[in-house]
Amino acid sequence: MNISTNTALQEQIQDLKAHKKIIGLVPTMGALHEGHLSLVNFAYQYCDVVVVSIFVNPTQFNNSGDLEKYPRNFEKDYQLLISNNPKTIVYTPSINHVYGEDVKAEDFDFGSIVSYMEGQYRQGHFNGVGTVLKRLFAIVKPHKAFFGEKDFQQLQLVKKLVEITQQPVEVIGSPTLRMSNGLAESSRNYRLTPAEVEEASLIYKALSQAKTMFNDFSINEIKSSIQDLFEDHQLLELEYFEVAPTSTLIPAQTKKTHLNYRAFIAAYIRDVRLIDNLALN
Ligand code: AMP
């Protein structure tokens, strides 16, 4: 079912909770693809009913052009979700339902996890993400909330957010769904031509190469080999490639044996910005 007002949603959730149902929330910005559906299906392994919110959050775009260009296709999204699982509640609030009159981001102290990579290249983005999720958690009051590892920095941020705000939500990460060529499914892929989709598979090739090299090479050697790889491919412009421990997300120069590391990439193909990451050890 589709619900767009907070009161109707809250009545529905209260009723489900009275019947001891476990409620999951999957926040999205719409333009849904197979990656979103895999996240929803992952959530159904833990929950009786999954609420999928579709809300293009204005405060997380640091570039108003990007906000305008963000693809929107509610009818298609709704059909996808309901044919995937008819129990799903599709929550489509207006800006007013989420923000009231005050459409602005709060200032959070998320510490080091937002200082680099996405936090560095998209100023203000994570405060916008934190603000909208704090509000969605307060409106929906789910038992659990699900986020893709595709946006790994965001996943770590949400864990920190519920700690800071003391919201009683369990945050669970779900693996990244990829196309057969390795490219992570993303709403932004809709803006690529088939030839560009092929070219963009370089992002996953680079991450895989970093994983293969991880045990035998230094982080600097890995970084320069990935930079060389991108220099050979003119259609893609590398914004950053970093290796960082998952606990701090501070880009590392050297490896410590007891830490878990991931590689992180952001790259442009024309004006389409793509991000991805992969566990290295
Ligand atoms: P978005 O609509 O882009 O804000 O994404 C909504 C949720 O879907 C986020 O938690 C993303 O991390 C997740 N997501 C996006 N792409 C994928 C993917 N390829 N595989 C799994 N989850 C994804």
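It should be noted that the structure appears before, not after, this text.
Residues numbered from 1 in each chain as written. Predicted model: local features only at pLDDT ≥ 70, side-chain atom pairs only at ≥ 80, totals over all residues. Heavy atoms only, no water.

### Description of the sheet that holds strand β4 (residues 89-91)
With parallel pairing, six strands are arranged side by side in an open sheet as β1-β4-β3-β2-β5-β6. In this open sheet, the two edge strands, each paired with only one partner strand, are β1 (2-3) and β6 (170-174). Pairing of strand β2 (residues 23-28) with strand β3 (residues 49-54) involves six bridges; the strand directions are parallel. The residue bridging Ile-23 from the neighbouring strand is Val-49, located in β3. (Pairing = 2+ DSSP bridges. Helix = DSSP H or I, 4+ residues; strand = E, 2+ residues; numbered from the N terminus.)

### What to know about the pairing of strand β9 (residues 272-279)
A regular strand places its side chains so that they alternate between the two faces of the sheet. The buried fraction of β9 amounts to seven of the eight residues, a majority that puts the element mostly inside the structure. In this structure, strand β8 (residues 261-269) lies alongside β9, joined through eight bridges in antiparallel fashion. Bridging across to β9, Phe-264 finds its partner in Asn-277. Between β8 and β9, which pair antiparallel and follow one another directly, the connecting turn spans two residues, one of which, Arg-270, has a positive phi of 55°. (Buried < 20%, exposed > 50% of the residue type's maximum accessible area, 1.4 Å probe, protein only.)

### Points about the sheet that holds β8
As a general point, the strands of a sheet are linked pairwise by backbone hydrogen bonds and lie either parallel or antiparallel. Taken in spatial order, the three strands line up as β7-β8-β9 in an open sheet, and their pairing is antiparallel. Looking at the sheet topology across the chains shown, the edges are occupied by β7 (236-245) and β9. Neighbour-to-neighbour, the strand axes of this sheet turn through a mean angle of 15°, independent of strand direction. Looking at chain direction, β7 and β8 are connected through nine bridges and run antiparallel. Across the sheet, residue Pro-245 finds its bridge partner in β8, namely Tyr-261. Along the sheet, helix α11 (residues 219-231) makes contact with β7 and β8, crossing β7 at roughly 165°. (Axes fitted to C-alpha atoms, helices over the stretch in contact; angles between N-to-C directions. Contact = heavy atoms within 4.5 Å.)

### Focus on the site of the ligand
For the ligand, the set of nearby residues contains 17 residues, the closest of which are Met-29, Gly-148, Asp-151, Leu-177 and Glu-185. With respect to the ligand, the backbone of Met-29 contributes an N or O atom lying 2.9 Å from an oxygen atom. One nitrogen or oxygen atom from the side chain of Asp-151 is found 2.6 Å from an oxygen atom belonging to the ligand. When the ligand is considered free in solution it has 490 Å² of accessible area, and contact with the protein chains removes 92% of it. Where the shell around the ligand is concerned, the elements lending two or more residues are β2, α2 (34-44) and β5 (144-148). With three residues, the single largest contributor to the shell around the ligand is α2. Here the shell around the ligand is composed, by residue class, of seven nonpolar, seven polar and three charged. (Near = heavy atom within 4 Å. Polar contact = N/O pair within 3.5 Å; in protein donor to acceptor, adjacent residues only side chain to side chain. Areas by Shrake-Rupley, 256 points an atom, 1.4 Å probe, with all protein chains shown as cover. Nonpolar A, V, L, I, M, F, W, Y, C, P; charged D, E, K, R; others polar.)

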